[in-house]
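Residues per chain, in single letters:
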Amino acid sequence: MKIGIIGANGKSGRLIAYEAYKRGHDVTAIIRDREKMPGCRYRILEKDLFDLTADDIRGFDAVVSTFGLPFGGNHPDDAYQKAYAHLISIFEKVPEVRLLVVGGAASLYQDETKTGRVIDSFPEEIRKDPMDLFRAYQLLEKSGVKYTFFSPACFFDPRGRKTGTYVTGGDTVILNTAGESYISYADYAVAMVDEAENGKFIRARFTAVSDSRPAPRTETYAGIRKEKPQFEGMSQYREPFCFELAGRYYSLAMDDGVRYAATFLDGHTLRWGAFGQPETVEYYDCAKAEDGVYFVNFELKERTPRTNISLVIDVDERLVTMVTTITGYHPKFPYMVDSKFLFGALDVPGFPLPKKRHKYTADLLGKRIHWHYAPGTEIIHVYYATDYMRVTQPANKGWAGADPKAWQELVEREPYDEPASFIKLRPGLYLVSCMEKNMACRGWTGNSLLFVIDTRRVHDVGRSFGHAGLETGRVHPENYIFGAFGEFVESDGVIESQPNLYRETQVY
């Protein structure tokens, strides 16, 4: 269907437009100012309601009007009637196009006796707008328009959850199973698009209610992995996940010319995609690097080869770095990883794109940090080059469960030198990438490791993406966020002076 949404940038209009869009309908947002819908994924008709003509509407199967006025605002007593009169004058010229209206609940009858309406219980001083809307509805009844007037429940909740189910009624208040006249904006949007598709209430008014109870609490984990996570190798000191992005939308303008839309639907689910391309809903995890800086990690479902996206979003500076990592692409080394780095900015309406960017840096060159990931899991990162990282162990210590002497002999025999990238995010805050390509070439499950390092607190958050379990014979995908604390270590220069055995013999 071809559906127009008048007021698609409003609270209910946004939800109705997206509900129609995700069902595959051809959606046009009819709004006064296209700047109020940056990154809009629909067609846009930029017009005021009172400037619309029959020619603008002709060709649609249905148009949903979400026209509304601020309750108690300083507008004429007949503002709704004037708006509806204009719509009627248009739609009577295109009788094949349906008009669906987001109405009000005040004109519903209080019960089946139909002796009183909801508005009768209102104090006189707040009756102006509901009475105006009721009279506007009466204009529709008298017109020849193929209309549907959808009255929400008395409690029309913008923050309520989406259940996807509802019960409909006619022109009388109905109640849900909890005995309440309630519907969420989200369920209202579902019911509105259902009506546009099914046409059960043509030239009629209807209402609906949905479940007002909060979503039941379960133990189901909604993270990147399907199973509830265990604390893995480097995650025991990880701080709790951050849920501050829930409900936010970002338009990411990357320097390669591609723009992405990221809508954080809740604390673990986001909608993601490039503008003009189909979007997908993915599970994500988020760790907070510092105030205003978020590390977001998610894997694209059913993508071949396996593909992971990590974002560093600085909402204060309006900057973003995107790391796209793949594994399973190399015909000879099945656990090989590779990453692509992109810099960009957050496109915020009313502001020009910032010119500055996150950038590659040599700030960490010559430094060492002793990291603690869990009791008995300690390691020293040696930042000895701008394109490689070296790892060694603290004296008489190694990875948890490993014999320190044997571990040291392994490091000396097969040095841990891996390609690395160093990116400056803010003063004292860095994104470090380590890709275990040499480890993969030696037959191990080399992973992609990202670290957002705060050098003032000597603290990091990051993620490991790739595979694990080779030593047990049960290789499985790995993707988790970790955290660590550490301290700077004075360097004697010996480790840094040892040659890199892999720099000239890269086979990947």
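Not measured: the values here are computed from a predicted model. (Residues numbered from 1 in each chain as written. Predicted model: local features only at pLDDT ≥ 70, side-chain atom pairs only at ≥ 80, totals over all residues. Heavy atoms only, no water.)

1. Quick word on the side chain of threonine 66
Keep this limit in mind: Strands here mean DSSP runs of E at least two residues long; helices mean DSSP runs of H or I at least four residues long; both are numbered from the N terminus. Working definition: with a 1.4 Å probe on protein chains only, accessible area under 20% of the residue-type maximum means buried, over 50% means exposed, and in between means partly exposed. Residues are treated as being in contact if the distance between any of their heavy atoms lies within 4.5 Å.
Considering the arrangement of structural elements, one finds threonine 66 in the loop between β4 (62-65) and α3 (79-91). Judged by relative accessible area, which is 13%, threonine 66 ranks as buried. Those residues in contact with threonine 66 that sit more than four places away from it in its chain are Ile5, Ile6, Gly7, Ser12, Gly13, Ile16 and Val102.

2. Some points on the confidence of the model for the protein chain
Cut-off, in case you're wondering: Residue-level confidence of the predictor is what pLDDT reports, using numbers from 0 through 100.
Looking at the protein chain, the pLDDT average stands at 90 and 92% of residues meet or exceed 70. Scored below 50 in pLDDT, residues 219-223 makes twelve contacts in the model with residues more than four places away or belonging to other chains.

3. Examining the sheet that holds strand β2 (residues 26-31)
The condition is simple: Pairing between strands is defined by DSSP: at least two bridges between them are needed. Geometry is summarised by axes, namely lines fitted to C-alpha atoms with helices restricted to the contacting stretch, and by angles between N-to-C directions that run from 0 to 180 degrees.
On the basis of which strands lie adjacent, the open sheet formed by eight strands has the order β3-β2-β1-β4-β5-β6-β10-β8 and mixed pairing. Among the strands making up the open sheet, the edge pair consists of β3 (43-46) and β8 (167-169). Averaged over all neighbouring strand pairs, the angle between strand axes comes to 25°, with direction disregarded. Pairing analysis gives four bridges linking strand β5 (residues 98-102) to strand β6 (residues 147-151), with the strands arranged parallel. Along β6, the bridge assignment pairs leucine 99 with tyrosine 147. Running at roughly 165° to β5, helix α5 (residues 185-198) makes contact with β4, β5, β6 and β10 (204-209) of the sheet.

4. Some thoughts on the pattern of salt bridges
Spelled out, the test is: Take a side-chain nitrogen of Lys or Arg and a carboxyl oxygen of Asp or Glu: if they are within 4 Å of each other, that pair is a salt bridge.
For the coordinates displayed, the defined rule picks out 36 salt bridges. Measuring nitrogen to oxygen at the nearest pair gives 2.6 Å for the salt bridge that ties aspartate 194 to arginine 23. Taken together, the residues span a long stretch of sequence, with aspartate 194 in helix α5 and arginine 23 in the loop between α1 (11-22) and β2 at a distance of 171 residues. For aspartate 194, a relative accessible area of 18% corresponds to the buried category. Within the structure, one salt-bridge network assembled from shared partners comprises Glu290, Asp314, Asp316, Arg426, Asp454, Arg456 and Arg457.

5. Overview of the environment of threonine 321
Convention followed: By the criterion applied in these results, polar contacts are pairs of N or O atoms within 3.5 Å in which, for protein atoms, one can donate a hydrogen and the other can accept it, and in which residues neighboring in sequence qualify only through two side-chain atoms.
By secondary structure assignment, the location of threonine 321 is in strand β17 (residues 319-327). Classification of threonine 321 by relative accessible area gives buried; the value is 0%. Taking the C-alpha atoms as reference points, threonine 321 and methionine 254, separated by 67 residues in sequence, lie 8.4 Å from one another. In this structure threonine 321 touches Ser310, Leu311, Val312, Leu342, Phe343, His358, Ile423, Leu425 and Leu431, once residues within four positions along its chain are discounted. Within polar-contact distance, the side chain of threonine 321 engages the side chain of histidine 358 at 2.7 Å.

6. Let's talk about the nonpolar core
For the record, the criterion: Here, nonpolar core refers to any group of buried Ala, Val, Leu, Ile, Met, Phe, Trp, Tyr and Cys residues whose side-chain atoms link them within 4.5 Å.
In this structure, Ile5, Ile16, Val64, Tyr188 and Met192 are the most contacted members of the largest nonpolar core, which totals 32 residues. Ranked by the residues each element gives to this core, the list is headed by α5, at seven residues. The residues contacting valine 64, other than those within four sequence positions of it, are Ile3, Gly4, Ile5, Ile6, Ile16, Leu100, Val102 and Met192. By size, the runner-up hydrophobic cluster in this structure holds 28 residues, among which are Ile57, Leu87, Leu99 and Tyr137.

7. Remarks on α3
What counts, and what does not: Each helix should span, by expectation, one fewer than its residue count multiplied by 1.5 Å.
In this model α3 runs 19 Å from its N-terminal to its C-terminal C-alpha over 13 residues, within 8% of the 18 Å that 1.5 Å per residue would give. For α3, the complete set of buried residues consists of Ala79, Tyr80, Ala83, Tyr84, His86, Leu87, Ile88, Ile90 and Phe91. Packing partners of the buried residues in α3 comprise β1 (2-6), α2 (54-57), β4, β5, α4 (128-142) and β6.

8. Some points on the sheet that holds strand β12 (residues 259-264)
Working definition: the strands of a sheet are paired by backbone hydrogen bonds and lie parallel or antiparallel to each other. Taken in spatial order, the eight strands of this closed barrel run β11-β12-β13-β14-β15-β16-β17-β18, and their pairing is antiparallel. Each strand axis lies, on average, 30° off the axis of its neighbour in the sheet, ignoring direction. Where β12 meets strand β13 (residues 269-274), five bridges bridge the pair, whose relative direction is antiparallel. The partner of alanine 261 across the bridge, within β13, is glycine 273.

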